[in-house]
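# Chains, contacts and geometry: an overview
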Amino acid sequence: MSQTHRLPAGGHVERGATLTFRFDGRSYQGHPGDTLAAALLANGVRLVGRSFKYHRPRGIFSAGVEEPNALVELRSGARREPDTRATIAELFDGLVAESQTRQGSLAFDRMAVSGLAAPWLGAGFYYKTFMWPPRFWERVYEPLIRRAAGLGRASGLPDPDHYESAHAHCDVLVVGSGAAGLAAARAAGATGARVILAEQDFLLGGGLLAEPAQEGWRRTALDALAAMPEVTVMPRTTIFGFYDHGVLGAVERVADHLPEPPPHTPRQRFWTIRAAEVVLATGAHERLIAFPGNDRPGVMLAGSAAAYARRWAVRPGGTAVLFATHDAAYDSALALAEAGTRIAAILDPREDSPAMQHAREAGFTVRAGSEICDTIGGLALRGVRFRNHGGAGQEAALPADLLLVSGGWNPAVHLASQSGAPLVFDEALQAFLPGPPVQRERSAGACRGIHGIAAAAADGAEAGRAAAEGAGFPSGPAAPLPEAADASHAPFPLYEVRARGKAFVDLQDDVTAEDMRLAHREGFTHIEHAKRYTTHAMGTDQGKSGGIVGAAVLAEARGEPLGVVGLPRFRPYTTPVAWGAMAGEAVGQHFQPTRRTPLHRWHEEAGAVWMDAGIWKRPAYYPRPADADAWASVMREARAVRERAGICDVSTLGKIDIQGRDAAAFLDLVYANTFSTLAVGRARYGLMLREDGIVFDDGTTSRIGPQHFYMTTTTAQAGPVMQHLEFHLASCWPDLDVSLASVTDQWATMSIAGPRAREAIAPVIGGLDLSDAAFPFMAVGDCTAAGVPARLFRLSFSGEMAYEIAVPAGYADRVWRAVMAAGAAYGIEPYGVEALGLLRIEKGHVAGPELNGQTTAADCGLGRMLKKRGDFIGRALAGRPGLQDPSRPRLVGIRSVRPEQQIRAGSHLLEAGSSESLGWVTSVTRGVARPGWLGLAMLRDGEARIGTTLTAANPLFDEAAPVEIVSPHHYDPENARVRG
Amino acid sequence: MLRYSAFRIAAEGLRGNRGWTPTWRKAKPKPRYDVIVIGGGGHGLATAFYLAEVHGIRNVAVLERGLIGQGNTGRNTTIVRSNYLLPENNRFYEHSLKLWEGLEQSLGYNVMMSQRGVVNLFHNDAQRNAAIRRGNSMRLSGIDAELVDREGVRALCPLVDLDNSRYPVMGGLLQRRGGTARHDAVAWGFAHAADARGVDIIEHCEVTGLLIEGGAIGGVQTTRGEIRAPKVGLAVAGHTTTLTDMAGFPLPIETHLLQAFVSEGLKPLIDCVVTFGAGHFYISQSDKGGLVFGGGLDGYNSYGQRGTLREAEHVFAAGLSMIPALGRLRALRSWAGVMDMTPDGSPFICKTPVHGLYMTAGWCYGGFKATPGSGWCHAWTIAKDEPHPLNAAFTLERFREGRALDERGNGPYPWAQ
Amino acid sequence: MRIPCPHCGPRDEAEFAYRGDATKQRPAPDAGIEAFHDYVYLRANPRGWHEEWWQHAAGCRAWLRVRRHTVTHEIAAVTPA
């Protein structure tokens with residue numbers, strides 16, 4: 001029979017529709033509006049999980065985010081979500097869930113025997129054990145522990161769904177939509193302020209949903225909010241963190257209530273909300289009481305049981321006992337009685353109270369001055385044992401299949417605490433309440449100890465009004481507030497009933513009151529130490545129900561007030577957040593932006609193999625069918641440059657336009673060499689140091705006009721160099737008349753190199769005499785290229801005669817094609833970054849592997865570039881003795897003694913028979929001008945070792961190659977070829 | 001010393017574990033000690049332990065402002081490794097790793113050192129060459145290192161998306177002896193063992209002033225009175241400059257935030273420690289089942305012990321880009337430690353301008369793995385009044401001399417490390 | 001955090017780049033190694049109010065002096081360099 005425990009009427013479920021779902025392989029039915037937990041209870045399912053350490057049977061304990069027990073693996077396949085709280089999982093048709101933390105079936109858990117070893121498995125047992133023999137930890141003990149530990153199983157498959165991130169701004173953010181939150185949102189909204197009301201539940205109303213008498217007010221409030229254009233209501237949205245300056249993080253569960261997200265819809269949306277004022281109306285979580293067997297399926301928080309009865313129209317048990325320490329909990333007995341549950345007794349440690357009297361008048365059996373001291377049953381509750389409070393007299397038993405527990409209420413102060421507010425203990429409520437705010441936030445209603453519908457709503461309305469006023473919206477019409485007779489929530493301070501048996505303070509992590517005392521005995525007397533030692537309040541529920549109970553047990557052991565002992569610190573997140581939501585869209589291919597040069601399409605058409613250079617895509621090489629392998633392509637391209645002409649896209653280099661009266665003086669300060677002497681129409685290689693004297697970047701800078709320079713940087717340092725220049729201009733030399741503009745994206749640049757380079761570009765270039773006399777090495781001039789305004793630079797990175805054409809980015813493709821066409825007659829070939837690297841290594845030019853942020857100018861053989869006079873960044877500290885030390889590794893060239901024997905970058909240079917590293921290989925290639933493996937290296941006493949032979953050792957590969965130490969300039973050391 | 005012997009554990013289990021006593025005494029300060037160690041984190045407690053164990057100096061007090069092990073010792077991702085590039089670093093961290101390998105037996109306390117392997121992924125030739133240089137540097141220093149290819153990465157952590165559509169994985173540098181340990185247990189274990197050797201561990205004792213006479217330390221002023229000692233060691237990473245400001249000398253340290261995160265508990269999923277080479281991200285799984293992970297600094301000076309949402313988003317994005325199977329798992333908690341960031345990313349274990357005042361400081365975000373090595377070298381430096389060769393390079397003067405130990409070449413910009 | 005840029009208004013910290021202590025002045029060119037050592041390496045690190053450089057990198061690119069508390073992260077003043 002289906003839904004045996006569903007009531008015939010009432011509640012917020014749609015009886016007209018039936019949803020079918022499976023739990024542990026069995027099929028059940030429920031209704032829209034159910035959570036998985038509600039639907040399981042409606043079908044009489046009591047046993048839903050096993051506990052973490054002792055594998056004790058566990059049932060549904062709560063009706064919300066505080067749930068410690070009813071964690072399931074929700075959905076299947078790649079969408080499996082372990083550790084999902086059944087109490088908040090919205091039921092949908094076809095839902096599939098499995099219980100977790102069991103070996104075997106729920107009813108017969110093979111690991112339940114670990115309960116027999118319980119005397120030796122108390123808090124911190126692992127710190128004292130498993131130490132001998134020494135090697136057994138990783139091999140024997142730890143694998144056993146790891147297998148036994150953990151909760152649910154991850155799917156291990158990529159998540160098929162996607163996520164979005166979004167931003168919202170508001171004047172007032174209201175968190176929570178119970179009586180306080182609704183009233184706050186309405187009051188704030190009435191002022192005209194932009195209001196966001198965020199509610200984690202799929203229905204708005206919080207506790208009002210279990211108050212049929214307040215349904216009219218709830219609906220009126222929702223209608224009023226819907227009519228306010230500046231109010232945004234966000235259900236299924238959890239505010240998980242309160243960050244600095246009114247920034248809050250939220251997750252909106254867009255499609256978790258559906259079998260799978262509809263097309264083009266994210267599963268969840270991650271919100272960053274920036275709020276001028278925040279009203280926290282997050283309510284409270286009901287407090288458990290520690291007594292032996294307080295974890296048995298059938299033990300449930302009283303308010304949660306009432307919610308199952310009234311909101312979900314489910315009768316969670318046939319015969320119930322209420323164990324409560326305050327008046328407000330008595331209402332749950334009424335709620336259950338209305339649902340047809342027989343209330344066997346109400347047990348209360350107090351001697352008298354108004355609620356007791358009312359309950360007796362209403363015909364309930366109330367046992368004043370009593371307490372539960374044990375529960376009876378196996379996989380489900382069959383009865384309770386009770387006794388006089390304090391333990392005097394005889395124990396007695398009562399049959400019951402449901403035990404309602406309420407030890408008071410824990411205000412949900414997590415967000416207030418995260419925002420920096422201190423927590424203050426309230427003796428009457430036996431609860432920690434938020435203290436004075438640090439940020440622009442205020443709490444309202446139960447989360448600051450103002451319990452009861454009427455009181456919370458009034459408090460919320462005032463908070464909403466005040467928040468709007470704080471955000472600059474002073475007034476709005478007042479709305480009617482609900483009327484209710486609020487019972488007192490102030491509990492008798494009973495946290496634990498001490499009797500024989502396991503009394504849990506943390507159900508999820510199987511932490512008992514005795515564990516807290518053990519921690520105390522072992523010196524872990526502070527709440528933070530005790531928490532870490534026992535793992536109390538460290539489960540997925542973060543101790544929402546029992547955190548304070550463990551603290552109270554510790555307080556008793558210490559003989560100090562609970563207010564002094566305090567609670568464990570609240571850390572984000574208020575409730576766990578899906579990884580995918582936090583990551584948003586910036587994953588996989590979109591983890592970082594992809595930059596493409598203006599010539600990207602041409603390279604693609606040419607079949608380029610791509611490589612990542614930072615976030616840029618650059619052509620590595622252009623394979624041809626005849627090429628045997630990648631090396632063949634690279635060598636072919638490099639040979640074209642050495643023998644004829646090649647063309648390479650160098651648009652990724654950073655470009656900075658520098659203008660102003662003091663531009664030359666500024667360059668003299670930021671470069672280690674002089675630029676003020678540079679003639680207009682000429683370029684110069686420049687070396688930039690950090691202030692600590694280490695090489696920062698290199699590049700060429702050209703003088704376009706007397707007060708106008710054009711700087712190029714390496715691809716990797718384009719951004720940092722720009723920032724470096726801006727910083728020094730602003731902070732050190734604000735009086736200089738210099739303007740800087742990044743023009744990296746504005747100019748496309750292509751390098752044409754090789755002995756036939758001039759002939760190749762000549763047909764394309766207009767307005768310049770390209771002869772060596774008129775346009776020598778390092779000349780710069782304006783011209784046209786394929787009819788487009790352009791700049792031409794005679795620069796070389798390859799060691800060959802070479803030109804760099806810069807054109808506005810939009811014309812890049814046109815000019816490139818024109819050069820290719822004109823150069824065809826001279827055998828021009830495109831070459832990629834690999835050939836570029838080959839050519840510069842052969843030529844002995846330094847690049848990223850040498851300028852790695854650890855080397856000086858002298859290390860790189862560029863020491864003579866440092867100007868002798870005048871200030872420049874890095875000058876002073878480059879003179880430190882450690883950087884002047886002649887034994888520092890210096891740039892040298894290396895050649896494989898056996899030319900075909902590969903050398904690898906990252907090898908270390910050793911003398912024969914030694915394992916002392918004298919240096920390391922930075923860059924290697926096979927040569928084209930000089931066949932065989934060659935490279936660059938940083939070597940101690942490098943110059944002195946030129947001509948000697950060392951071993952390039954590569955123990956990682958078990959390789960050792962004899963190498964000859966040579967000048968870094970493997971090719972054309974006289975630098976004649978660049979001059980034409 | 002086998003205080004936690006098998007027999008004792010069995011007997012205690014049978015009598016309700018009522019016979020256990022505090023793991024360390026709650027000592028009250030004496031007026032005078034031979035050595036005062038300021039800071040009851042792992043490094044301070046280890047310093048005290050090795051002073052007693054190696055150097056026989058047992059009249060030692062560890063002064064802790066709050067609780068032991070609640071600073072960065074309790075706020076990290078518990079990774080232990082010695083896979084450094086520069087010889088000064090890899091020799092020191094290897095010494096530390098060797099101490100880790102015998103720590104359970106030295107301390108008589110299970111710190112759950114688990115040599116699960118640490119693999120650093122690389123994604124392009126430049127990164128691979130840097131990994132080869134580093135791995136070879138390790139091997140030449142006698143440290144284990146292996147270069148693994150894509151299949152090797154797959155075998156270590158099958159969930160890594162090798163064909164990541166933005167930055168495919170090329171391989172990884174693996175140190176099999178690296179792994180994780182249980183961070184809290186490290187503090188408690190050192191406290192337990194130091195206490196047993198006579199060290200006074202004094203909690204809730206904040207140092208409010210340093211007694212300096214004629215350029216030499218004579219003791220400290222605390223919230224629990226004046227305590228004198230001819231030698232004082234600082235082990236208060238994250239707050240070192242607060243103490244050195246009292247001593248009147250400036251320090252090249254800035255305090256920055258580093259966040260870390262843990263997921264809900266899960267059955268075993270990730271067996272080793274994996275770091276992403278294309279973004280700041282690293283992950284491992286604890287024995288309890290939580291995935292422990294983190295990323296880069298928040299990027300500005302802070303003592304706030306709470307991180308920003310912005311950096312958290314980046315960490316999660318990097319993690320999911322590396323392991324797409326993490327998407328539906330949930331993060332449970334985040335926390336932030338305050339880091340002593342130095343200009344070169346390397347630490348200080350050294351004497352100071354004040355005679356008799358020593359420090360172990362500047363641990364950046366790598367202090368946990370250094371815990372035993374730092375304590376060992378700090379103790380040596382205090383006992384002998386001169387550094388051990390292992391920490392001889394970790395001086396304050398190295399910047400003045402131009403001998404920075406800049407492992408990554410980032411330059412003197414802690415916020416960019 | 002949100003930083004009030006004097007040119008652009010309050011903007012998220014994600015738009016800004018950080019560069020530490022803004023109280024240090026670059027020494028005179030011939031001030032010597034010691035002075036430059038202090039400038040480059042010895043930055044103020046207060047547990048409290050801190051004068052620091054931020055650049056509105058993803059906005060107007062202005063360098064700003066920001067007075068910010070390193071525990072509460074409260075911002076007291078922002079002025080252009």
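Procedures and definitions
- Residues numbered from 1 in each chain as written.
- Chains lettered and ligands numbered in written order.
- Predicted model: local features only at pLDDT ≥ 70, side-chain atom pairs only at ≥ 80, totals over all residues.
- Heavy atoms only, no water.
- UniProt positions renumbered as here; feature names shortened; annotations may be inferred.
- Helix = DSSP H or I, 4+ residues; strand = E, 2+ residues; numbered from the N terminus.
- Rg over C-alpha atoms; globule rule 2.2 N^0.38 Å.
- Buried < 20%, exposed > 50% of the residue type's maximum accessible area, 1.4 Å probe, protein only.
- Contact = heavy atoms within 4.5 Å.
- Areas by Shrake-Rupley, 256 points an atom, 1.4 Å probe, with all protein chains shown as cover.
- Lys, Arg positive; Asp, Glu negative; His and termini not counted.
- Charge placed at Lys NZ, Arg CZ, Asp CG, Glu CD.
- Expected span 1.5 Å × (residues − 1).
- Polar contact = N/O pair within 3.5 Å; in protein donor to acceptor, adjacent residues only side chain to side chain.
- Phe/Tyr/Trp six-rings, centres within 6.5 Å; stacked < 30°, edge-to-face > 60°.
- Lys NZ or Arg CZ within 6 Å of the ring centre and 35° of its normal.
- Pairing = 2+ DSSP bridges.
- Axes fitted to C-alpha atoms, helices over the stretch in contact; angles between N-to-C directions.
- Buried area = accessible area lost by both parts, 1.4 Å probe.
- Salt bridge = Lys/Arg side-chain N within 4 Å of Asp/Glu carboxyl O.
- Nonpolar A, V, L, I, M, F, W, Y, C, P; charged D, E, K, R; others polar.

An unreviewed UniProt entry annotates chain C as Sarcosine oxidase subunit delta of Belnapia mucosa.

Per an unreviewed UniProt entry, chain A carries the name Sarcosine oxidase subunit alpha family protein and comes from Belnapia mucosa. What UniProt records for chain A under Sequence similarities (unreviewed entry) is the sentence "Belongs to the GcvT family."

On a plain count of helices and strands, chain A comes out with 24 helices and 49 strands. The C-alpha atoms of chain A give a radius of gyration of 38 Å, which is well past the 30 Å a tight globule of 980 residues would have. Within chain A, the proportion of its 980 residues that are buried is 63%. For chain A, the share of sequence-separated contacts (at least 6 apart) that also reach a separation of at least 24 residues comes to 66%. With an accessible surface of roughly 33900 Å², chain A has 53% of that area assigned to carbon and sulfur atoms. Mean positive and mean negative side-chain charge positions of chain A (98 and 105 charges, respectively) differ by 4 Å.

Moving on, we get to helix α17 (residues 630-643) of chain A. Residue and element names in this part refer to chain A. Look at α17: 20 Å from first C-alpha to last across 14 residues, which is about the 20 Å you get at 1.5 Å a residue. Those residues of α17 that fall on the buried side of the exposure criterion are Ser633, Val634, Met635, Arg636, Glu637, Ala638, Ala640, Val641 and Arg642. Packed against the buried residues of α17 are β31 (616-621), β32 (645-649), β38 (747-753), β43 (828-830), α22 (833-843) and β46 (919-926). One side-chain oxygen at the N-terminal end of α17 lies 3.2 Å from the backbone nitrogen of tryptophan 631; it belongs to aspartate 629.

Moving on: the packing of aromatic side chains. According to the stated counting rule, one finds 56 aromatic pairs over all chains in the structure shown. Here A:Phe524 and B:Trp188 contribute two aromatic rings whose centre-to-centre distance is 4.6 Å and whose plane-to-plane angle is 65°, an arrangement assigned as edge-to-face. With A:Phe524 in the loop between α11 (513-521) and α12 (527-534) and B:Trp188 in helix α7 (residues 183-196), the pair connects residues from two separate chains. Exposure class is identical for A:Phe524 and B:Trp188. Each is buried. Following the ring pairs from residue to residue traces out a cluster consisting of A:Phe125, A:Tyr126, A:Tyr127, A:Phe524, A:Tyr533, B:Tyr4, B:Trp20, B:Trp24, B:Tyr109 and B:Trp188. Over the ring of B:Trp20 we find A:Lys128; its NZ or CZ atom is 4.6 Å from the centre of that ring. We note A:Arg904 situated over the ring of A:Phe957; from NZ or CZ to the ring centre the distance is 3.9 Å.

Here we have nine strands laid out as an open sheet, ordered β29(A)-β17(B)-β13(B)-β16(B)-β15(B)-β14(B)-β4(B)-β6(B)-β5(B), and mixed in their pairing. Edge positions in the sheet fall to β29 (577-578) of chain A together with β5 (146-149) of chain B, since each has one partner strand and no second. Here strand β4 (residues 118-122) of chain B runs beside strand β14 (residues 273-275) of chain B; their pairing, made up of three bridges, is parallel. Paired with B:Asn120 across the strands is B:Thr275, a residue of β14(B). Where helix α9 (residues 309-322) of chain B meets the sheet, it contacts β4, β13 (254-265), β14, β15 (282-285), β16 (290-301) and β17 (330-341) of chain B, and its direction lies at approximately 135° from that of β16(B).

What follows concerns the sheet that holds strand β45 (residues 908-910) of chain A. All names here are of chain A. If you trace the six strands once around the closed barrel, you get β44-β47-β46-β45-β48-β49, paired in antiparallel fashion. Neighbour-to-neighbour, the strand axes of this sheet turn through a mean angle of 45°, independent of strand direction. As paired elements, β46 and strand β47 (residues 933-939) share seven bridges and run antiparallel to each other. In the sheet register, valine 924 faces β47, and the bridge partner there is glycine 935. In the packing of α22 onto the sheet, contacts are made with β46 and β47, and the angle to β46 comes to roughly 120°.

What follows concerns the UniProt feature "domain: GCVT N-terminal" (unreviewed entry) in chain A. As recorded in UniProt, the feature "domain: GCVT N-terminal" (unreviewed entry) lies at residues 599-868 of chain A. End C-alpha to end C-alpha, residues 599-868 of chain A measures 42 Å, and it is 26% helix and 30% strand.

A few words now on the interface of chain C and chain A. The partner chain A presents 25 residues to the 24 residues of chain C that form the contact. Counting each side, the surface lost to burial between chain C and chain A is near 2200 Å², with a carbon and sulfur contribution of 54%. If you look at where chain C meets chain A, you find four salt bridges. Scanning the region where chain C abuts chain A turns up 12 residue pairs in polar contact (both at pLDDT 80 or more). Contributions of two or more residues to the side of chain C that touches chain A are made by β3 (17-21), α1 (33-41) and β4 (49-55) of chain C. Within the side of chain C that touches chain A, the residues separate by chemical class into 13 nonpolar, five polar and six charged.

Contacts between the two partners involve 118 residues from chain B, matched on the other side by 115 residues from chain A. Summed over both partners, the interface of chain B with chain A comes to about 9700 Å²; 54% of that surface belongs to carbon and sulfur atoms. On the chain B side of the interface with chain A, the three residues burying the most area are B:Arg166, B:Lys267 and B:Arg328, jointly 10% of the side's total. The interface formed by chain B and chain A contains 12 salt bridges. Between B:Arg306 and A:Asp244 there is a salt bridge, and its shortest N-O distance comes to 2.8 Å. Counting across the interface, chain B meets chain A through 57 residue pairs in polar contact (both at pLDDT 80 or more). Here the residues of the side of chain B that touches chain A sort into 52 nonpolar, 38 polar and 28 charged.

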